[in-house]
Amino acid sequence: MNELLRRNLETSRHGRVMVMSTMRNEGPFVLEWVSHYIALGFTDIVVAFNDCTDGTDVLLTELDRQGFITAVRNDRGMRGGAAQAAAYRKIRALPVSAEMDWTGVFDADEFLVIHEGDGTTNALLDALPEGCQALSLNWRLFGNTGQFDFTQEPLTERFTACGPPVATKAQAGVKSFYHRNLPIHVVGPHRPRLPAGHDWNGIWLDAELNQVPEQFLKTGWRLSNTQMKIAQVNHYMLRDADTFMVKSWKGRASNSAAPKIKYWRAFNETSDQDHSVLRLKDRRAEALAAMRSSRRVRLAHREAVISHRRLVKELKREPELAQLMKEIRAKTPVLATSDVAP
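Parameters at a glance
- Residues numbered from 1 in each chain as written.
- Predicted model: local features only at pLDDT ≥ 70, side-chain atom pairs only at ≥ 80, totals over all residues.
- Heavy atoms only, no water.
- Core = buried A, V, L, I, M, F, W, Y, C linked by side-chain atoms within 4.5 Å.
- Buried < 20%, exposed > 50% of the residue type's maximum accessible area, 1.4 Å probe, protein only.
- Helix = DSSP H or I, 4+ residues; strand = E, 2+ residues; numbered from the N terminus.
- Contact = heavy atoms within 4.5 Å.
- Phe/Tyr/Trp six-rings, centres within 6.5 Å; stacked < 30°, edge-to-face > 60°.

K.L.:
Which residues make up the nonpolar core, and what are the values?
P.N.:
Grouped together as the largest cluster of nonpolar side chains are 77 residues, with contacts concentrated most on Trp-33, Val-34, Tyr-37, Ile-45, Leu-63, Leu-112 and Phe-177. The element contributing the most residues to this core is helix 2 (residues 30-40), with eight residues. With sequence-adjacent residues up to four places away left out, Leu-63 is seen in contact with Val-30, Leu-31, Val-34, Phe-68, Ile-69, Met-291 and Val-297. Core analysis: the second largest hydrophobic core is formed by 24 residues, Ala-134, Tyr-178, Ile-184 and Trp-204 among them.

K.L.:
Can you explain unusual backbone geometry? Please cite residues and give values.
P.N.:
Not every positive phi belongs to a glycine, and Asn-25 is a case in point at roughly 55°. Here Asn-25 lies in the loop between strand 1 (17-23) and helix 2. In this model, Leu-209 sits at a positive phi of 65°, which is unusual for a non-glycine residue. Following the sequence through the fold, Leu-209 ends up in the loop between strand 11 (204-205) and helix 7 (214-218).

K.L.:
Run through the packing of aromatic side chains, naming residues and quoting values.
P.N.:
Two measures describe an aromatic ring pair: the distance that separates the ring centres and the angle between the ring planes. Scanning the model with the defined rule gives 13 aromatic pairs in all. An angle of 65° between the planes, with centres 5.4 Å apart, marks the rings of Tyr-37 and Phe-42 as edge-to-face. We classify Phe-42 as buried; its relative accessible area is 0%. Note on Trp-204 and Phe-216: the rings are 5.5 Å apart at their centroids and 85° apart in plane angle, and the pair reads as edge-to-face.

If you want it as C-alpha coordinates, here you go:
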(Lines give C-alpha, C1' and ligand atoms only; values in the text may rest on other atoms or scores of the structure.)
Protein backbone atom coordinates (compact mmCIF):
# COMPACT_ATOMS: atom_id res chain seq x y z
CA MET A 1 0.00 0.00 0.00
CA ASN A 2 1.32 3.43 -0.94
CA GLU A 3 2.01 5.82 1.92
CA LEU A 4 -0.83 8.17 0.88
CA LEU A 5 -3.37 5.33 1.04
CA ARG A 6 -1.84 4.19 4.32
CA ARG A 7 -2.36 7.70 5.67
CA ASN A 8 -5.97 7.58 4.52
CA LEU A 9 -6.42 4.29 6.37
CA GLU A 10 -4.85 5.63 9.54
CA THR A 11 -7.14 8.65 9.56
CA SER A 12 -10.31 6.87 8.45
CA ARG A 13 -13.13 6.92 10.97
CA HIS A 14 -15.09 4.30 9.03
CA GLY A 15 -12.60 1.52 8.43
CA ARG A 16 -11.59 0.62 4.91
CA VAL A 17 -13.37 2.50 2.15
CA MET A 18 -12.92 1.21 -1.40
CA VAL A 19 -13.69 2.59 -4.83
CA MET A 20 -14.06 0.00 -7.59
CA SER A 21 -14.04 0.75 -11.29
CA THR A 22 -13.75 -0.81 -14.73
CA MET A 23 -11.70 0.78 -17.50
CA ARG A 24 -10.92 0.25 -21.15
CA ASN A 25 -8.77 2.69 -23.13
CA GLU A 26 -8.91 5.49 -20.55
CA GLY A 27 -5.15 5.94 -20.32
CA PRO A 28 -4.87 9.75 -20.61
CA PHE A 29 -7.36 10.22 -17.75
CA VAL A 30 -6.20 7.58 -15.25
CA LEU A 31 -3.80 9.67 -13.17
CA GLU A 32 -6.30 12.48 -12.59
CA TRP A 33 -8.98 9.97 -11.57
CA VAL A 34 -6.75 8.04 -9.17
CA SER A 35 -5.38 11.22 -7.58
CA HIS A 36 -8.93 12.45 -7.02
CA TYR A 37 -10.01 9.33 -5.13
CA ILE A 38 -6.83 9.34 -3.05
CA ALA A 39 -7.55 12.98 -2.17
CA LEU A 40 -11.09 12.07 -1.11
CA GLY A 41 -9.72 9.70 1.51
CA PHE A 42 -10.40 6.30 -0.04
CA THR A 43 -8.20 3.64 1.51
CA ASP A 44 -8.39 1.19 -1.41
CA ILE A 45 -8.71 1.71 -5.17
CA VAL A 46 -9.43 -1.36 -7.29
CA VAL A 47 -9.60 -1.08 -11.09
CA ALA A 48 -10.42 -3.89 -13.51
CA PHE A 49 -9.36 -3.42 -17.12
CA ASN A 50 -10.13 -5.30 -20.31
CA ASP A 51 -8.97 -5.38 -23.93
CA CYS A 52 -6.95 -2.17 -23.80
CA THR A 53 -5.14 -0.98 -26.90
CA ASP A 54 -3.88 2.42 -25.71
CA GLY A 55 -1.61 1.36 -22.83
CA THR A 56 -4.19 1.77 -20.06
CA ASP A 57 -3.29 -1.75 -18.91
CA VAL A 58 0.40 -0.88 -18.71
CA LEU A 59 -0.27 2.25 -16.66
CA LEU A 60 -2.68 0.53 -14.27
CA THR A 61 -0.28 -2.39 -13.79
CA GLU A 62 2.52 0.01 -12.91
CA LEU A 63 0.31 1.89 -10.44
CA ASP A 64 -0.52 -1.49 -8.88
CA ARG A 65 3.17 -2.37 -8.64
CA GLN A 66 3.79 0.85 -6.71
CA GLY A 67 0.86 0.36 -4.33
CA PHE A 68 -1.47 3.13 -5.53
CA ILE A 69 -4.19 0.77 -6.75
CA THR A 70 -5.06 -2.89 -7.17
CA ALA A 71 -5.30 -3.70 -10.88
CA VAL A 72 -7.36 -6.66 -12.06
CA ARG A 73 -6.97 -8.02 -15.59
CA ASN A 74 -10.34 -8.85 -17.15
CA ASP A 75 -9.38 -9.55 -20.77
CA ARG A 76 -11.74 -11.99 -22.48
CA GLY A 77 -12.52 -10.21 -25.70
CA MET A 78 -15.56 -8.73 -23.96
CA ARG A 79 -17.15 -5.35 -24.45
CA GLY A 80 -19.58 -3.14 -22.60
CA GLY A 81 -21.89 -4.54 -19.96
CA ALA A 82 -20.54 -8.09 -20.16
CA ALA A 83 -17.05 -6.87 -19.29
CA GLN A 84 -18.39 -4.71 -16.45
CA ALA A 85 -20.38 -7.52 -14.89
CA ALA A 86 -17.41 -9.89 -15.06
CA ALA A 87 -15.15 -7.21 -13.58
CA TYR A 88 -17.38 -6.58 -10.59
CA ARG A 89 -17.56 -10.31 -9.90
CA LYS A 90 -13.76 -10.56 -10.04
CA ILE A 91 -13.29 -7.60 -7.73
CA ARG A 92 -15.80 -8.90 -5.20
CA ALA A 93 -14.02 -12.26 -5.23
CA LEU A 94 -10.71 -10.69 -4.19
CA PRO A 95 -9.72 -11.33 -0.54
CA VAL A 96 -9.29 -7.58 -0.05
CA SER A 97 -12.95 -6.96 -0.88
CA ALA A 98 -14.05 -8.98 2.14
CA GLU A 99 -12.12 -6.56 4.34
CA MET A 100 -13.93 -3.44 3.08
CA ASP A 101 -16.36 -1.56 5.31
CA TRP A 102 -17.75 0.68 2.55
CA THR A 103 -17.54 0.38 -1.24
CA GLY A 104 -18.41 2.85 -3.99
CA VAL A 105 -18.59 2.15 -7.72
CA PHE A 106 -17.42 4.95 -10.03
CA ASP A 107 -16.33 4.95 -13.68
CA ALA A 108 -13.30 6.71 -15.16
CA ASP A 109 -15.40 9.74 -16.16
CA GLU A 110 -17.16 10.01 -12.77
CA PHE A 111 -15.73 12.09 -9.94
CA LEU A 112 -17.40 11.98 -6.54
CA VAL A 113 -17.74 15.43 -4.94
CA ILE A 114 -18.59 15.61 -1.23
CA HIS A 115 -20.24 18.75 0.12
CA GLU A 116 -20.14 17.80 3.79
CA GLY A 117 -17.41 18.94 6.19
CA ASP A 118 -13.91 18.88 4.73
CA GLY A 119 -15.05 17.14 1.54
CA THR A 120 -13.58 13.73 2.37
CA THR A 121 -15.08 10.27 2.80
CA ASN A 122 -14.89 10.76 6.58
CA ALA A 123 -17.22 13.75 6.32
CA LEU A 124 -19.61 11.96 3.96
CA LEU A 125 -19.91 8.85 6.09
CA ASP A 126 -20.12 10.92 9.30
CA ALA A 127 -23.24 12.55 7.83
CA LEU A 128 -25.10 9.26 7.44
CA PRO A 129 -27.61 8.41 10.17
CA GLU A 130 -27.18 5.24 12.19
CA GLY A 131 -28.44 2.20 10.33
CA CYS A 132 -27.76 3.49 6.83
CA GLN A 133 -26.20 0.76 4.71
CA ALA A 134 -26.53 2.20 1.21
CA LEU A 135 -26.35 5.66 -0.33
CA SER A 136 -27.24 6.60 -3.92
CA LEU A 137 -26.00 9.91 -5.32
CA ASN A 138 -27.06 11.58 -8.54
CA TRP A 139 -24.98 12.46 -11.54
CA ARG A 140 -24.30 16.11 -12.21
CA LEU A 141 -23.59 16.29 -15.93
CA PHE A 142 -20.72 18.43 -17.16
CA GLY A 143 -21.09 19.46 -20.77
CA ASN A 144 -18.99 20.81 -23.60
CA THR A 145 -18.84 24.51 -24.34
CA GLY A 146 -17.11 24.27 -27.69
CA GLN A 147 -13.91 22.51 -26.62
CA PHE A 148 -13.38 20.19 -29.55
CA ASP A 149 -9.70 19.23 -29.41
CA PHE A 150 -8.11 16.79 -26.97
CA THR A 151 -5.63 18.34 -24.52
CA GLN A 152 -3.90 17.11 -21.36
CA GLU A 153 -5.49 19.78 -19.19
CA PRO A 154 -7.34 18.10 -16.27
CA LEU A 155 -10.98 17.34 -17.04
CA THR A 156 -12.08 18.80 -13.74
CA GLU A 157 -10.45 22.15 -14.50
CA ARG A 158 -11.30 22.25 -18.17
CA PHE A 159 -15.02 21.46 -17.97
CA THR A 160 -16.93 23.50 -15.39
CA ALA A 161 -20.25 24.17 -17.18
CA CYS A 162 -22.89 21.73 -15.98
CA GLY A 163 -26.53 21.06 -15.17
CA PRO A 164 -28.33 22.38 -12.07
CA PRO A 165 -27.76 20.82 -8.61
CA VAL A 166 -30.94 18.76 -8.76
CA ALA A 167 -31.81 15.39 -10.26
CA THR A 168 -33.43 16.48 -13.51
CA LYS A 169 -34.46 13.91 -16.11
CA ALA A 170 -31.00 13.96 -17.68
CA GLN A 171 -29.29 13.79 -14.28
CA ALA A 172 -31.48 11.10 -12.72
CA GLY A 173 -28.81 8.41 -13.00
CA VAL A 174 -27.19 7.42 -9.71
CA LYS A 175 -24.01 5.90 -8.37
CA SER A 176 -23.97 4.13 -5.04
CA PHE A 177 -22.06 3.36 -1.86
CA TYR A 178 -22.85 0.28 0.16
CA HIS A 179 -21.83 -1.10 3.56
CA ARG A 180 -20.37 -4.55 4.09
CA ASN A 181 -23.48 -5.63 6.04
CA LEU A 182 -25.80 -5.03 3.09
CA PRO A 183 -26.90 -8.43 1.73
CA ILE A 184 -26.07 -8.08 -1.97
CA HIS A 185 -26.86 -10.46 -4.80
CA VAL A 186 -25.16 -8.52 -7.60
CA VAL A 187 -23.15 -5.31 -7.87
CA GLY A 188 -23.92 -3.16 -10.91
CA PRO A 189 -22.47 0.08 -12.21
CA HIS A 190 -25.26 2.16 -10.64
CA ARG A 191 -26.49 0.24 -7.59
CA PRO A 192 -26.33 -3.15 -5.89
CA ARG A 193 -29.19 -5.63 -6.23
CA LEU A 194 -30.79 -6.91 -3.04
CA PRO A 195 -32.90 -9.95 -2.14
CA ALA A 196 -36.65 -9.47 -2.00
CA GLY A 197 -38.76 -9.60 1.12
CA HIS A 198 -36.71 -7.45 3.49
CA ASP A 199 -37.61 -4.25 5.30
CA TRP A 200 -35.22 -1.62 3.98
CA ASN A 201 -36.78 1.35 5.79
CA GLY A 202 -34.03 3.81 6.75
CA ILE A 203 -31.29 1.62 5.30
CA TRP A 204 -30.97 3.03 1.76
CA LEU A 205 -30.83 6.83 1.42
CA ASP A 206 -30.43 9.51 -1.26
CA ALA A 207 -28.36 12.71 -1.35
CA GLU A 208 -30.94 14.49 0.84
CA LEU A 209 -30.64 11.64 3.38
CA ASN A 210 -34.21 10.59 2.63
CA GLN A 211 -35.29 7.00 2.17
CA VAL A 212 -35.20 6.06 -1.53
CA PRO A 213 -38.61 5.16 -3.05
CA GLU A 214 -39.82 1.61 -2.52
CA GLN A 215 -39.83 0.95 -6.25
CA PHE A 216 -36.15 1.90 -6.48
CA LEU A 217 -35.31 -0.79 -3.93
CA LYS A 218 -36.70 -3.36 -6.37
CA THR A 219 -35.39 -2.10 -9.68
CA GLY A 220 -34.08 0.87 -11.62
CA TRP A 221 -31.06 3.16 -11.43
CA ARG A 222 -32.61 6.62 -11.50
CA LEU A 223 -33.79 9.00 -8.78
CA SER A 224 -35.59 12.19 -9.84
CA ASN A 225 -36.00 15.64 -8.24
CA THR A 226 -33.48 14.98 -5.48
CA GLN A 227 -31.34 17.92 -4.40
CA MET A 228 -27.60 17.22 -4.39
CA LYS A 229 -27.28 18.10 -0.72
CA ILE A 230 -24.48 16.04 0.79
CA ALA A 231 -22.68 14.97 -2.40
CA GLN A 232 -22.87 14.68 -6.17
CA VAL A 233 -21.14 12.67 -8.88
CA ASN A 234 -19.57 14.86 -11.55
CA HIS A 235 -20.07 12.97 -14.80
CA TYR A 236 -17.91 14.06 -17.70
CA MET A 237 -19.87 12.07 -20.27
CA LEU A 238 -18.80 14.08 -23.31
CA ARG A 239 -15.43 15.63 -22.55
CA ASP A 240 -13.87 17.13 -25.71
CA ALA A 241 -15.19 16.18 -29.14
CA ASP A 242 -12.04 14.22 -30.03
CA THR A 243 -12.41 12.01 -26.97
CA PHE A 244 -16.14 11.63 -27.58
CA MET A 245 -15.32 10.36 -31.06
CA VAL A 246 -13.09 7.69 -29.50
CA LYS A 247 -15.92 6.79 -27.14
CA SER A 248 -18.27 6.50 -30.10
CA TRP A 249 -15.81 4.22 -31.84
CA LYS A 250 -15.35 1.84 -28.93
CA GLY A 251 -19.04 1.73 -28.04
CA ARG A 252 -20.94 2.47 -24.84
CA ALA A 253 -20.64 0.47 -21.65
CA SER A 254 -24.28 -0.55 -21.87
CA ASN A 255 -23.71 -2.59 -25.05
CA SER A 256 -26.17 -0.37 -26.91
CA ALA A 257 -25.35 1.49 -30.13
CA ALA A 258 -22.43 3.89 -30.09
CA PRO A 259 -23.40 7.36 -28.91
CA LYS A 260 -24.04 9.81 -31.71
CA ILE A 261 -25.14 13.40 -32.06
CA LYS A 262 -28.46 12.86 -30.22
CA TYR A 263 -26.53 11.51 -27.24
CA TRP A 264 -24.21 14.51 -27.36
CA ARG A 265 -27.09 16.99 -27.42
CA ALA A 266 -29.11 15.15 -24.75
CA PHE A 267 -26.30 15.24 -22.18
CA ASN A 268 -24.57 18.50 -23.05
CA GLU A 269 -25.66 20.28 -19.87
CA THR A 270 -24.17 23.80 -19.59
CA SER A 271 -26.73 25.95 -17.76
CA ASP A 272 -24.71 26.31 -14.54
CA GLN A 273 -21.11 26.55 -13.37
CA ASP A 274 -19.63 24.42 -10.61
CA HIS A 275 -16.05 24.32 -9.31
CA SER A 276 -16.60 22.30 -6.13
CA VAL A 277 -14.56 19.37 -7.46
CA LEU A 278 -11.48 21.57 -7.07
CA ARG A 279 -11.99 21.91 -3.33
CA LEU A 280 -9.35 19.23 -2.68
CA LYS A 281 -7.01 20.47 -5.40
CA ASP A 282 -3.94 20.57 -3.13
CA ARG A 283 -4.48 17.00 -1.92
CA ARG A 284 -4.99 15.88 -5.51
CA ALA A 285 -1.79 17.61 -6.58
CA GLU A 286 0.10 15.79 -3.82
CA ALA A 287 -1.20 12.41 -5.00
CA LEU A 288 -0.50 13.24 -8.65
CA ALA A 289 3.06 14.29 -7.83
CA ALA A 290 3.62 11.05 -5.91
CA MET A 291 2.54 8.98 -8.91
CA ARG A 292 4.46 11.07 -11.42
CA SER A 293 7.63 10.77 -9.35
CA SER A 294 7.98 7.36 -10.96
CA ARG A 295 9.64 7.43 -14.37
CA ARG A 296 7.77 4.28 -15.37
CA VAL A 297 4.43 5.89 -14.54
CA ARG A 298 5.33 9.02 -16.49
CA LEU A 299 6.34 6.97 -19.53
CA ALA A 300 3.20 4.82 -19.39
CA HIS A 301 1.01 7.92 -19.17
CA ARG A 302 2.90 9.55 -22.04
CA GLU A 303 2.46 6.48 -24.24
CA ALA A 304 -1.29 6.42 -23.49
CA VAL A 305 -1.60 10.07 -24.52
CA ILE A 306 0.34 9.43 -27.74
CA SER A 307 -1.86 6.43 -28.51
CA HIS A 308 -5.02 8.46 -27.88
CA ARG A 309 -3.88 11.21 -30.21
CA ARG A 310 -2.88 8.71 -32.87
CA LEU A 311 -6.32 7.06 -32.70
CA VAL A 312 -8.08 10.42 -32.93
CA LYS A 313 -6.11 11.20 -36.08
CA GLU A 314 -6.97 7.82 -37.60
CA LEU A 315 -10.66 8.00 -36.73
CA LYS A 316 -11.06 11.39 -38.34
CA ARG A 317 -10.41 9.62 -41.63
CA GLU A 318 -13.48 7.40 -41.10
CA PRO A 319 -16.43 8.92 -43.03
CA GLU A 320 -19.04 8.19 -40.33
CA LEU A 321 -16.96 9.64 -37.51
CA ALA A 322 -15.82 12.57 -39.61
CA GLN A 323 -19.49 13.39 -40.19
CA LEU A 324 -20.18 13.07 -36.46
CA MET A 325 -17.43 15.58 -35.71
CA LYS A 326 -18.80 17.95 -38.32
CA GLU A 327 -22.28 17.80 -36.77
CA ILE A 328 -20.91 18.30 -33.26
CA ARG A 329 -19.02 21.41 -34.32
CA ALA A 330 -22.09 22.77 -36.10
CA LYS A 331 -24.50 22.16 -33.21
CA THR A 332 -22.36 22.99 -30.16
CA PRO A 333 -22.38 26.62 -29.04
CA VAL A 334 -19.01 27.98 -28.02
CA LEU A 335 -19.82 29.62 -24.70
CA ALA A 336 -17.71 32.17 -22.92
CA THR A 337 -17.73 32.15 -19.12
CA SER A 338 -20.06 35.15 -19.12
CA ASP A 339 -22.58 33.12 -21.16
CA VAL A 340 -22.98 30.51 -18.42
CA ALA A 341 -25.03 31.08 -15.29
CA PRO A 342 -22.81 31.54 -12.17
